[in-house]
Amino acid sequence: SIPLGFFGGIGAASSRGILVKGSNYLEALNDVKYVVFDKTGTLTKGVFEVTKIHAVEGVTQDEVLQNAAFAEVHSNHPIAESIRKAYGKDISENSISSYNEISGHGMEVVIEEKEILAGNRKLMSKMNIPFLESEEVGTVVYVAVNKIFIGYIVISDQLKDDAKKAIQLLKELNMKKTVMLTGDALAVGKKVAKELAMDEVYAELLPQHKVEQMEQLDRTKQTNEKILFVGDGINDTPVLARADVGMAMGGLGSDAAIEAADIVIMTDEPSKIATAIKIAKKTRKIVW
Ligand code: ADP
Ligand code: MG
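Residues numbered from 1 in each chain as written. Chains lettered and ligands numbered in written order. Predicted model: local features only at pLDDT ≥ 70, side-chain atom pairs only at ≥ 80, totals over all residues.

An unreviewed UniProt entry lists the protein under the name Cd(2+)-exporting ATPase, from Niallia nealsonii.

Have a look at this one:
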């Protein structure tokens, strides 16, 4: 039978917008020593703004943006939403004959026999497309039409208001390490990790690489120590499911994340991670 105190703990969590799917997860939070984060949509708002458009000779910036917006029509990624917003005009979905979202890379679509690729440098390399690499510190979306590079768009995201406080509160709770696993460029990951005073950052990871990195940490930690992963469900559901405790930021409303997670933070505030751990510690005191 489950001690009554756990229900009290789950209730206390729920009144603070933290949904705990079982008393075992609340109990497990007590032993968390490593907190691993996704970046986009988790520590950052996931609302990107276009800061630069580079077009190759003979192509206009508008054409680069328009092709990128067409490529992103069917993607739910925060990058896609931002590019569609920057473009601003309606796009007829009927003209798109096929599309493929390549996880951790970007989009491949075919529109009236024209193939458009929009994504990171990994996507360009995978498709064997020669391209000019951006030197900006930002998330870069490279665009190619019929396998020819036409330009890139630099976009930048903002930290969530309480992200810095969230990391600091975790340090105060004696976490051994805070780690970032991101699919974004290393320069971007490093910049965010530095601003937040996080301990480690691993970048340019595909979803399966995020799982591998987590397993690596799992092997080096002590057996009684647990790993908490916090993500938004976009490109990180495998690692959310693999962690000792998987926590989703429910603010952006990714159903996949809410499904895969053990704990859901309904308010989109990373500082609630520490709140959840504090409730777990109080609950243990009452129960034992
Ligand atoms: P994060 O780990 O920061 O949350 P993701 O794993 O969701 O990032 O995405 C990793 C990278 O893959 C992005 O930074 C971007 O370069 C690329 N990418 C993913 N989806 C798209 C898309 N729809 N359009 C363009 N690029 C994308
Ligand atoms: Mg993400």
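Asker: Can you lay out the site of ligand 1 for me, pointing to particular residues and giving the numbers?
Answerer: The immediate surroundings of ligand 1 are formed by 23 residues, with T40, G106, N120, G183 and N235 found nearest. Sorting the residues of the shell around ligand 1 by element identifies α4 (78-87), β5 (106-111), β6 (114-119) and β7 (139-145) as the ones contributing at least two each. Tallied by class, the residues present in the shell around ligand 1 amount to six nonpolar, 13 polar and four charged. Here the shell around ligand 1 spans two domains, and each of domain 1 (4-45 + 159-287) and domain 2 (49-156) adds at least three residues to it. (Near = placed C-beta within 6 Å. Helix = DSSP H or I, 4+ residues; strand = E, 2+ residues; numbered from the N terminus. Nonpolar A, V, L, I, M, F, W, Y, C, P; charged D, E, K, R; others polar. Domains from an automatic or database assignment.)

Asker: Just give me the short version of α4, but keep the residues and values in it.
Answerer: Residues of α4 that are buried: P78, I79, A80, S82 and I83. Contact partners of the buried residues in α4: β3 (49-55), α3 (61-71), β7 and β8 (148-156). Remark: G88 follows α4 within two positions and exhibits a positive phi of approximately 80°. (Buried ≥ 20, exposed ≤ 12 C-beta atoms within 10 Å, placed from the backbone. Contact = placed C-beta atoms within 7 Å.)

Asker: An account of the domain arrangement of the protein is needed here, citing residue identities and associated values.
Answerer: A common way to state how big an interface is: give the accessible area lost once the parts meet. Parsing the protein into structural domains produces domain 1 (4-45 + 159-287) and domain 2 (49-156). Domain 1 and domain 2 are separated by 31 Å when their C-alpha centres are compared. Listed by partner, the interface residues are 13 residues for domain 1 and ten residues for domain 2. It is helix α7 (residues 186-196) that provides the largest number of residues to the side of domain 1 that touches domain 2, a total of three residues. Split by residue class, the side of domain 1 that touches domain 2 holds six nonpolar, four polar and three charged.

Asker: Tell me about the sheet that holds strand β11 (residues 226-231), and name the residues and values.
Answerer: Strands in a sheet are paired, the pairing made by backbone hydrogen bonds, and the direction either parallel or antiparallel. Strand order across the open sheet formed by seven strands is β1-β13-β12-β11-β2-β9-β10, with mixed pairing between neighbours. Sheet topology places β1 (18-20) and β10 (200-202) at the edges, where each strand pairs with a single neighbour. Taken over all neighbouring pairs, the strand axes of this sheet differ in orientation by 20° on average, direction set aside. By the bridge criterion, four bridges tie β11 to strand β12 (residues 245-249) in an arrangement that is parallel. Residue pairing for β12: F229 is matched across the bridge by G246. Each of β2 (32-38), β9 (177-181), β10 and β11 is contacted by helix α8 (residues 207-220), which is oriented at about 155° to β11, the strand it contacts most. (Pairing = 2+ DSSP bridges. Axes fitted to C-alpha atoms, helices over the stretch in contact; angles between N-to-C directions.)

Asker: I'd like to hear about the packing of α3 against α4, residue by residue, with values.
Answerer: It is at 9 Å that the axes of α3 and α4 come closest, and there the two elements cross at 135°. In this view, α3 runs oblique relative to α4, as classed from their interaxial angle. Between α3 and α4 lies a crossing of left-handed hand. Taking contact as the criterion, the partners of L65, Q66, A68 and A69 in α3 are, on α4, I83, R84, A86 and Y87. (Parallel < 35°, antiparallel > 145°, perpendicular 65-115°, else oblique. Left-handed = near helix turned anticlockwise from the far one by under 90°.)

Asker: Give a description of the pairing of β11 that names residues and reports values.
Answerer: Of all the six residues making up β11, five are buried; the element is thus mostly covered by neighbouring parts of the structure. Note: β2 against β11, five bridges, orientation parallel. In the sheet register, V32 faces β11, and the bridge partner there is K226. With helix α9 (residues 237-242) bridging β11 and the parallel β12, this β-α-β connection has right-handed handedness. (Right-handed = clockwise from strand over helix to strand, strands pointing away.)

Asker: Mind laying out the sheet that holds β8, listing which residues take part and the relevant values?
Answerer: Pairing in this open sheet of six strands is antiparallel, and the strands run β3-β8-β7-β6-β5-β4 from one edge to the other. A strand with exactly one partner marks an edge of an open sheet, and here the two such strands are β3 and β4 (96-102). Averaged over all adjacent pairs, the angle separating strand axes in this sheet is 15°, with direction ignored. Summarising the sheet, β5 and β6 pair through six bridges and their orientation is antiparallel. Following the sheet pairing, I111 is matched in β6 by K114. Docked against the sheet, α3 engages β3, β5, β6, β7 and β8, running at close to 80° with respect to β8.

Asker: Account for α7, with residues named and values stated.
Answerer: The complete set of buried residues in α7 reads V188, G189, V192, A193 and L196. On an axial view of α7, the arc spanned by its buried residues comes to 125°, and they lie on one face. For α7, the secondary structure elements touched by its buried residues are β7, α6 (163-172), β9 and β10. In the segment just after α7, A197 is the residue with positive phi, at about 60°. (Arc of directions from axis to C-beta.)

Asker: So what about the environment of P270? Which residues, and what values?
Answerer: Its location among the elements puts P270 in the loop between β13 (263-265) and α11 (272-287). Residues P270 and G41 lie 229 residues apart in sequence; the distance between their C-alpha atoms is 11 Å.

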